[in-house]
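# Working through the structure, step by step
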2 protein chains.
Amino acid sequence: LGALTITPVVGLPEIAAGDDLAALIAAAVQTPLADGDVVVIAHKAISKAEGRVRALAEVSPAARAQEIAAAHGKDARLVQVVLDEAACLRRAERGILIAVTRHGYVCANAGVDASNAPSVDTVIMLPLDPDGTARVLRARLGELTGADVGVLVTDSFGRAWRRGQVDVAIGCAGLTPLDDWRGRRDASGRELKATAIAIADELAAAADLARRKDSAVPVVVIRGAGEFVSAGLDGPGAAALVRPLEEDLFR
Amino acid sequence: LGALTITPVVGLPEIAAGDDLAALIAAAVQTPLADGDVVVIAHKAISKAEGRVRALAEVSPAARAQEIAAAHGKDARLVQVVLDEAACLRRAERGILIAVTRHGYVCANAGVDASNAPSVDTVIMLPLDPDGTARVLRARLGELTGADVGVLVTDSFGRAWRRGQVDVAIGCAGLTPLDDWRGRRDASGRELKATAIAIADELAAAADLARRKDSAVPVVVIRGAGEFVSAGLDGPGAAALVRPLEEDLFR
């Protein structure tokens, strides 16, 4: 059992569409990346690199967006972007829209966010395929550094039952998102009740502690979690964390 | 912005009722505790020290427990303990009971667990007052070591919408459970959408990465999160993380 270290990557430039994010990260890390490191990236850096940004001035809200906006005191253009990003709108209450994203994640505003956007009146959307982006970044980081790392893409989500947001995984490659404990035994040999530990979400939460959201530090490196880095394999991605309705007893 | 380190405390003895847990921790840490450290304790160590263990042989299941047990293929004595611990049973499905604990936490089996129990046919319950215990441990650790630390008590909970369990805070003292971001601004001066970050839950998740559930390492020290350690004050405890029904849009 060893210690983990969680280190923010400081000095990254503001990310713009088309940037080679892996190259920027490889150049910015203070300690060279090593096998088993996990590179945790707040999704906004990826969304900016992939041009997943919309200018509200160019959005024409349709009737449904206008109705929801009027009922909840929101900008109809922002509501239109949320509807465009949502597979389904679950709730609209007190100015908060809770939606299921196309990836199957449940979060406020379908992940659309105005804070940390490149300019006023633009909003940032989630990456189209965060697991795919994680795979690409992992391969590119391997090319550039020779290190076999895990890559994790995160966002801050609210939760049922508990106050406050925590960072969770919305994409990953090269690591075990769920550590399956079924059939394992405790220290005295009894079968464990836990079925699976959401390692990718625990890594996301840990990384968030090392940066402050107002300081523009989107990337954090976690060292010491190499047992969860699946050497040479991309793995199932964060898609494995989406809980199907029929097995969800908690909502 | 500095790095965090997460270090498991190895070599603790098996905890028994009446043990001075703070003294055992102070003696076992490899590096002396320092101001701003967060001592994260899996609740089972506390439950054992506080005698929150029941022998199933001494439990007489009442009619309701027998009915639920029969319908779900469970041990009626275990169901009785769950009902005794629950403020309310929310769901019983496929052998899984989801309950609200007396503290207001929503989890499987009201937190009652047989794995890592002191002997076969005993079960471990949650501490009666995990925030209170955290305050006592914090004071005692301060006496023993001179360090002003945060104390966090954790358990593994399943979640709505997402597969897998993550460790969360069920008790804390001397740290900020919720970091309130309302009114703060992003790097370009815009108001942030996030309202509060559940720091205590992120610390709990981070700590879980440094121990394996089959290795009997209940205590982890997090260094580098001192900005969330509320010097000299116990703070509101993990009770502040319970989301009232009327403000919960996620369930």
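Preceding this paragraph is the structure being described.
The structure displayed is predicted, hence computed values, not measured ones. (Residues numbered from 1 in each chain as written. Chains lettered and ligands numbered in written order. Predicted model: local features only at pLDDT ≥ 70, side-chain atom pairs only at ≥ 80, totals over all residues. Heavy atoms only, no water.)

## Re the overall build of chain A
Of regular secondary structure, chain A possesses six helices and 12 strands. Here chain A has a C-alpha radius of gyration of 19 Å; the compact-globule value for 251 residues is 18 Å, and the two agree. With respect to the three principal axes, the spread of C-alpha positions in chain A is 60 × 45 × 25 Å. Every one of the 251 residues in chain A was classed for burial, and the buried ones make up 57%. (Helix = DSSP H or I, 4+ residues; strand = E, 2+ residues; numbered from the N terminus. Rg over C-alpha atoms; globule rule 2.2 N^0.38 Å. Buried < 20%, exposed > 50% of the residue type's maximum accessible area, 1.4 Å probe, protein only.)

## Notes on the interface of chain B and chain A
Chain B puts 86 residues into the contact, and the matching count from chain A is 86 residues. The junction of chain B with chain A conceals about 7500 Å² of combined surface from both sides, 58% of it contributed by carbon and sulfur atoms. It is W161(B), R163(B) and L249(B) in chain B that bury the most area against chain A; as a group they hold 13% of the surface buried on that side. Between chain B and chain A we count 25 residue pairs in polar contact (both at pLDDT 80 or more) in total. Elements represented by at least two residues in the side of chain B that touches chain A include exactly β1 (4-8), β4 (86-93), β5 (96-101), β6 (106-108), β8 (150-158), β9 (165-173), β11 (196-197) and α6 (199-209) of chain B. No other element matches α6(B), which puts eight residues into the side of chain B that touches chain A. (Contact = heavy atoms within 4.5 Å. Buried area = accessible area lost by both parts, 1.4 Å probe. Polar contact = N/O pair within 3.5 Å; in protein donor to acceptor, adjacent residues only side chain to side chain.)

## A look at the pattern of salt bridges
All told, the structure shown has 32 salt bridges over all chains when counted by the stated rule. Two residues, E143(B) and R140(B), come together in a salt bridge whose shortest N-O distance is 3.0 Å. Taken together, the positions of E143(B) and R140(B), both in helix α5 (residues 130-145) and three residues apart, correspond to about one turn of that helix. For E143(B), a relative accessible area of 62% puts it in the exposed group. The exposure class of R140(B) is partly exposed, given its relative accessible area of 29%. A single network of salt bridges, built from pairs that share partners, joins D20(A), R140(A) and E143(A). (Salt bridge = Lys/Arg side-chain N within 4 Å of Asp/Glu carboxyl O.)

## What to know about the relation of the copies chain B and chain A
When chain B is brought onto chain A, the operation consists of a screw motion whose angular component is 180° and whose axial shift is 0.0 Å, with 0.0 Å RMSD remaining. The transformation relating the two chain copies, once decomposed into turn and shift, fits a two-fold axis. Interface overlap between copies is the fraction of interface residues in one copy that are interface residues in the other; for chain B against chain A it reaches 100%, indicating a shared surface. (Least-squares fit on C-alpha atoms with pLDDT ≥ 70 in both.)

## Regarding the sheet that holds strand β6 (residues 106-108) of chain A
Residue and element names in this part refer to chain A. Spatially, three strands are ordered β4-β5-β6 in an open sheet, and the strand pairing comes out antiparallel. The sheet is open, and its two edges are formed by β4 (86-93) and β6, each paired on a single side. Shown here is a sheet whose adjacent strand axes are inclined to one another by a mean of 25°, direction ignored. Of the strand pairs in this sheet, β4 and strand β5 (residues 96-101) are connected by six bridges, and their pairing is antiparallel. Residue pairing in the sheet places E93 in a bridge with I96 of β5. Of the strands in this sheet, β4 and β5 touch helix α4 (residues 76-85), which is tilted by about 135° from β4. (Pairing = 2+ DSSP bridges. Axes fitted to C-alpha atoms, helices over the stretch in contact; angles between N-to-C directions.)

## Remarks on the nonpolar core
If you look at the biggest cluster of nonpolar residues, it comprises 114 residues, and the most contacted ones within it are I41(A), L152(A), I222(A), I41(B), L152(B) and I222(B). In this view, L152(A) contacts V38(A), V39(A), V40(A), I41(A), A169(A), G171(A), C172(A), L175(A), A200(A), L203(A) and A204(A); residues no more than four positions away in its chain are not counted. (Core = buried A, V, L, I, M, F, W, Y, C linked by side-chain atoms within 4.5 Å.)

## A few points about α5(B)
One full turn of an α-helix is made of 3.6 residues, so residues set three or four places apart face in the same direction. Residue and element names in this part refer to chain B. When the terminal C-alpha atoms of α5 are compared, their 22 Å separation across 16 residues agrees well with the 22 Å that a helix rising 1.5 Å per residue should span. Each element contacted by the buried residues of α5 is listed here: α1 (21-28), β2 (38-42), α2 (43-49), β8 and β9. A positive phi of about 80° marks G146, the residue just after α5. (Expected span 1.5 Å × (residues − 1).)

## Let's talk about the packing of α1(B) against α5(B)
All names here are of chain B. Between α1 and α5, the shortest axis-to-axis distance is 9 Å and the interhelical angle comes to 45°. By the angle class used here, α1 and α5 are oblique. Judged by the twist between their axes, the crossing of α1 over α5 is right-handed. Contacts from L21, A22, A23, I25 and A26 of α1 reach α5 at L137, R140, L141, L144 and T145. Taken together, the residues that form the contact of α1 with α5 break down as eight nonpolar, one polar and one charged. (Parallel < 35°, antiparallel > 145°, perpendicular 65-115°, else oblique. Left-handed = near helix turned anticlockwise from the far one by under 90°. Nonpolar A, V, L, I, M, F, W, Y, C, P; charged D, E, K, R; others polar.)

## So, α6(B)
The element α6(B) is extensively covered by neighbouring structure, given that 11 of its 11 residues are classed as buried. Of all the residues in α6(B), the buried ones are I199(B), A200(B), D201(B), E202(B), L203(B), A204(B), A205(B), A206(B), A207(B), D208(B) and L209(B).

## Re the packing of helix α3 (residues 63-72) of chain A against α4(A)
Residues and elements named next belong to chain A. Running from amino to carboxyl end, α3 crosses α4 at an angle of 120°, the nearest separation of the two axes being 8 Å. In terms of their interaxial angle, α3 and α4 are classed as oblique. Handedness of the crossing formed by α3 with α4: right-handed. When α3 is examined against α4, the residues R64, A65, Q66, I68 and A69 are found in contact with a partner set consisting of A76, V79, Q80 and L83.

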